[in-house]
Amino acid sequence: MAKQVWTATGRRKRSSAQVRMTSGSGKILVNGVDVNEYMPYPTLVMDLKQPLVATGNEDRFDIEVTVKGGGFSGQTGAIRLGITRALMEYDKNTDQTRDDAYRKVLKDAGFVTRDPRVKERKKPGLKKARRAPQFSKR
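**A closer look at the packing of aromatic side chains**
Scanning the model with the defined rule gives 5 aromatic pairs in all. For the pair tryptophan 6 and tyrosine 90, a centre-to-centre distance of 4.9 Å together with 90 degrees between the ring planes defines the contact as edge-to-face. Taken as a pair, tryptophan 6 in strand E1 (residues 5–12) and tyrosine 90 in helix H4 (residues 72–90) lie far apart in primary sequence, 84 residues in all. Ring centres of phenylalanine 61 and tyrosine 90 lie 5.0 Å apart, and the angle between their planes is 75 degrees; on these two criteria the pair is classed as edge-to-face. One end of the pair, phenylalanine 61, is in strand E5 (residues 61–68); the other, tyrosine 90, is in helix H4, with 29 residues separating them in the sequence. Judged by its relative accessible area of 2%, phenylalanine 61 is buried. By way of ring pairs, the aromatic residues Trp6, Phe61, Tyr90 and Tyr102 are connected into one cluster.

**Things to note about a positive patch on the surface**
Together, Lys119, Lys127, Lys128 and Arg131 make up a region of like positive charge exposed at the surface. Here arginine 131 is to be found in the segment after helix H5 (102–109).

**A short note on the environment of isoleucine 79**
With respect to the helices and strands, the residue isoleucine 79 is situated in helix H4. Remark: the alpha-carbon pair of isoleucine 79 and aspartate 62, spanning 17 residues in sequence, is separated by 14 Å. Dropping the residues within four chain positions of it, isoleucine 79 is found in contact with Ala17, Val19, Val30, Met39, Leu48, Val65 and Val67.

**Topic: the pairing of E5**
Inspection of the sheet shows strand E2 (residues 15–23) paired to E5 by 8 bridges, in the antiparallel sense. Bridge pairing in E5 places alanine 17 opposite valine 67. As paired elements, strand E3 (residues 28–30) and E5 share 3 bridges and run parallel to each other. Opposite isoleucine 28, over in E5, you have isoleucine 63 as the bridge partner.

**Re the environment of glutamate 120**
By the secondary structure assignment, glutamate 120 is in the segment after H5. For the pair glutamate 120 and glutamine 50, spaced 70 residues apart in sequence, the C-alpha to C-alpha distance is 28 Å. Beyond its immediate stretch of four places on either side in the chain, glutamate 120 contacts Ala129 and Arg130. At a separation of 3.1 Å, a polar atom in the side chain of glutamate 120 contacts the side chain of arginine 130.

Procedures and definitions
- Residues numbered from 1 in each chain as written.
- Predicted model: local features only at pLDDT ≥ 70, side-chain atom pairs only at ≥ 80, totals over all residues.
- Heavy atoms only, no water.
- Phe/Tyr/Trp six-rings, centres within 6.5 Å; stacked < 30°, edge-to-face > 60°.
- Helix = DSSP H or I, 4+ residues; strand = E, 2+ residues; numbered from the N terminus.
- Buried < 20%, exposed > 50% of the residue type's maximum accessible area, 1.4 Å probe, protein only.
- Patch = residues over 30% accessible without salt bridge, like charges linked within 9 Å, V, L, I, M, F, W, Y side chains within 5 Å.
- Areas by Shrake-Rupley, 256 points an atom, 1.4 Å probe, with all protein chains shown as cover.
- Salt bridge = Lys/Arg side-chain N within 4 Å of Asp/Glu carboxyl O.
- Lys, Arg positive; Asp, Glu negative; His and termini not counted.
- Charge placed at Lys NZ, Arg CZ, Asp CG, Glu CD.
- Contact = heavy atoms within 4.5 Å.
- Pairing = 2+ DSSP bridges.
- Polar contact = N/O pair within 3.5 Å; in protein donor to acceptor, adjacent residues only side chain to side chain.

Now the structure itself:
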């Protein structure tokens, strides 16, 4: 029988992550590289693993991620949202009114909501979105 795969997409800032989750031993690959080698800081790795820790699945799933765009922080947020959505996809057939349902646990931790903050566009006559040129009286 073919291995069951749960897929999801996560986005944050300019980053977009495609997450494929299969039953396994807890390996996480980001763009074909181990997550600890891909991410420059251990705090980012800890941040993207938070949904797995909250649901107690750190060593239960193998995760393959393809992430594009943005920087490491945005990519981490996109991966975290993708993992959250994949976990909810995995748990969709259980009774959602239970207190240990993944959706309730993840929602209470604040992982289900997509962070809508993106960079503001540059306005005409300004140096950045809001930064005006230096004022000179004379």
